[in-house]
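The residues making up each chain are set out below.
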Amino acid sequence: MVGAKRASISEMATGTDQVVGFSLVVFSLVIFTYYTVWVIILPFIDSDHIIHKYFLPREYAIIIPLAAGLFLLLFVGLFITYVMLKNRKPAKKAN
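Predicted model, so just to flag it, every value in this text is computed and none were measured.

A.B. asks: I tried to follow the overall build of the chain on my own but got confused; where do I start?
C.D. replies: From N to C terminus, the chain includes two helices and zero strands. Accessible surface computed for the chain: about 9,200 Å², of which carbon and sulfur atoms make up 71%.

Here's what the structure looks like:
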């Protein structure tokens, strides 16, 4: 790669950053796998099978993501409101 700029030492991720990033990826994969099995595979398994005791009732498959989405929208809205109010310039007074 001609003209490519190499990252300096200060721009590279530290070991802690890499561990945190890897942990977040693993956590996301576990949640995705659990939810996928819960919503897609579990309805095809008999309701008296032992695997059903490891999952919440199906109603929560809709309620939990809906509540999480609403909280996300709430916090994004609060953050935008905070930033806009913080950066508001005082109104000029007419003489």
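A.B. asks: Hey, could you run me through the UniProt feature "transmembrane region" (unreviewed entry) in the chain in this one?
C.D. replies: Summarizing the sequence annotation, UniProt attributes the feature "transmembrane region" (unreviewed entry) to residues 20–41 and 61–85 in the numbering used throughout. Between the end C-alpha atoms of residues 20–41 the distance is 30 Å, and the span holds 100% helix and 0% strand.

A.B. asks: What is the right way to look at the packing of aromatic side chains in this model?
C.D. replies: The way to describe two aromatic rings as a pair is by their centre distance and the angle between their planes. Applying the stated criterion across every chain, the model contains four aromatic pairs. Relative to Trp38, the ring of Tyr34 lies with its centre 5.9 Å away and its plane at 50 degrees, an arrangement referred to as tilted. Taken as a pair, Tyr34 and Trp38 lie in helix H1 (residues 15–41) at a separation of four residues, close to a single helical turn. Residue classification places Tyr34 among the partly exposed residues on the basis of a relative accessible area of 33%. Pairing Tyr34 with Phe55 gives two aromatic rings, centres 4.8 Å apart and planes at 25 degrees, and the pair type is stacked. Residue Tyr34 is found in helix H1, and its partner Phe55 is found in the loop between H1 and helix H2 (60–86); the two are separated by 21 residues along the sequence. By relative accessible area, which is 15% here, Phe55 ends up buried. In textbook terms, an aromatic cluster arises when at least three aromatic residues are bridged by ring pairs, as seen for Tyr34, Tyr35, Trp38 and Phe55.

Conventions used here
- Residues numbered from 1 in each chain as written.
- Predicted model: local features only at pLDDT ≥ 70, side-chain atom pairs only at ≥ 80, totals over all residues.
- Heavy atoms only, no water.
- Helix = DSSP H or I, 4+ residues; strand = E, 2+ residues; numbered from the N terminus.
- Areas by Shrake-Rupley, 256 points an atom, 1.4 Å probe, with all protein chains shown as cover.
- UniProt positions renumbered as here; feature names shortened; annotations may be inferred.
- Phe/Tyr/Trp six-rings, centres within 6.5 Å; stacked < 30°, edge-to-face > 60°.
- Buried < 20%, exposed > 50% of the residue type's maximum accessible area, 1.4 Å probe, protein only.

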